[in-house]
Amino acid sequence: MYLDASSLADSGATVHQPPARRPAADRGSLADLVALLGIEPLDSRDGGVPIGLRRVKEGATLLLEGAEATSLYVVRSGSLKAVKALEDGYEQVLCLAQIGELLGPEALHGGRQPATVIALENSTVYVLPVRDLPALRKQDPQLDLALQLALSRQLVRAAETTAMAAAGHDF
């Protein structure tokens, strides 16, 4: 059974409200992100460095093809697809992104989004603005290794997909 704050207060229980400045549902921790990417965080005793989360509803666009790339995103829950608009009006699905996968690496070199990214289901992503990466790296040096591993996994998967396509396999 779900109890909201008012029913708990009525029962005599002590109710602690989250800080008013930013709801907890809009924050994650850097330690959680690093662990999601497969690296043991150095120290998460204090809950870790807060970083942004973004909810993306099913069918909603996270990234728009041609837009300036300013942030990296890591899928925390749900799944998304990257699509490229074709001249004939169809869309080509480039990849599917699931939990722990990185989106928007073009932001690392100041590029533009090469594809539109759409949520296949209600999803949540960690948001890492490129302008904040130097400070985040200082706060948790494991972030660099975690991002390197995530990018490496994506390169391997892209090479495997390319090899399968070259061999004429259907996906």
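Preceding block: the structure.
None of these values were measured; they are calculated from a predicted model.

Undergrad: Could you clarify how one ought to interpret the sheet that holds strand β6 (residues 91-97) in this entry?
TA: The strands that make up a sheet are held in pairs by hydrogen bonds between backbone atoms, and each pair lies either parallel or antiparallel. One open sheet holds the four strands; their spatial order is β3-β8-β5-β6, and the pairing between them is antiparallel. Taken across any chain shown, the strands that pair with only one partner, and hence form the sheet edges, are β3 (61-63) and β6. Averaged over all pairs of adjacent strands, the angle between their axes in this sheet comes to 35°, without regard to strand direction. Summarising the sheet, strand β5 (residues 80-85) and β6 pair through six bridges and their orientation is antiparallel. Residue pairing across strands places valine 83 opposite valine 93, the latter belonging to β6.

Undergrad: Looking at this structure, I do not really get helix α4 (residues 142-166). What am I missing?
TA: For an α-helix, 3.6 residues make a turn, and residues three or four places apart therefore share a direction. Taking 1.5 Å of rise per residue, the 25 residues of α4 would be expected to cover 36 Å, and the 36 Å separating its terminal C-alpha atoms lies within 8% of that figure. Listed in full, the buried residues belonging to α4 are Gln142, Leu143, Ala146, Leu147 and Ala150. Downstream of α4 by one or two residues, glycine 168 has phi in the positive range, about 85°.

Undergrad: I tried to follow the nonpolar core on my own but got confused; where do I start?
TA: Grouped burial of nonpolar side chains is what soluble globular proteins tend to show. Core analysis: the largest hydrophobic core is formed by 18 residues, its most contacted members being Leu33, Leu128, Leu143 and Leu147. Sorting the residues of this core by element identifies α2 (30-36), β2 (50-56), β4 (71-77), β9 (123-129), α3 (133-139) and α4 as the ones contributing at least two each. The element that contributes the greatest number of residues to this core is α4, accounting for four residues. Ignoring anything within four residues of it in the chain, the contact list for leucine 147 reads Leu37, Leu72, Leu102, Leu128 and Leu133. Tyr73, Ala82, Leu103 and Val117 belong to the second largest nonpolar core, which has 14 residues in total.

Undergrad: Looking at this model, I keep getting lost on the side chain of lysine 81. Mind explaining?
TA: Within the fold, lysine 81 resides in strand β5. Given the relative accessible area of 19%, lysine 81 is considered buried. In terms of polar contacts, lysine 81 uses its side chain to reach the side chain of glutamate 91, at 3.0 Å. Apart from residues lying up to four places away in sequence, lysine 81 is in contact with Glu91, Cys95, Leu96, Thr116, Val117, Ile118 and Leu120.

Rules used in this analysis
- Counting restarts for each chain: residues are numbered from 1 in the order of the written sequence.
- With pLDDT at 70 or above as the cut-off, local features in this predicted model cover only qualifying residues; side-chain atom pairs require 80 or more to be listed or tallied, and sums for whole chains, interfaces and linings still use all residues.
- Processing note: side-chain calculations cover all non-hydrogen atoms of the structure and skip hydrogens and water entirely.
- By the convention used here, strands pair only if DSSP detects at least 2 bridges between them.
- Per the convention used, a helix needs a DSSP run of H or I reaching at least four residues, while a strand needs a run of E reaching at least two, with both numbered from the N terminus.
- Note on geometry: axes are lines fitted to C-alpha atoms, helical ones only across the stretch in contact, with angles between N-to-C directions running from 0 to 180 degrees.
- Helix span is expected to be 1.5 Å times the residue number reduced by one.
- In this scheme, a residue with accessible area under 20% of its type's maximum is buried, one over 50% is exposed, and one in between is partly exposed, where area comes from a 1.4 Å probe on protein chains only.
- Nonpolar core, defined: a set of buried Ala, Val, Leu, Ile, Met, Phe, Trp, Tyr and Cys residues in which side-chain atoms within 4.5 Å join the residues together.
- Note on contacts: a residue pair is in contact if any heavy atoms of the two residues lie within 4.5 Å.
- Pairs of N or O atoms are called polar contacts if they sit within 3.5 Å, as long as, within protein, a hydrogen donor faces a hydrogen acceptor (for residues adjacent in sequence, only side-chain-to-side-chain pairs).

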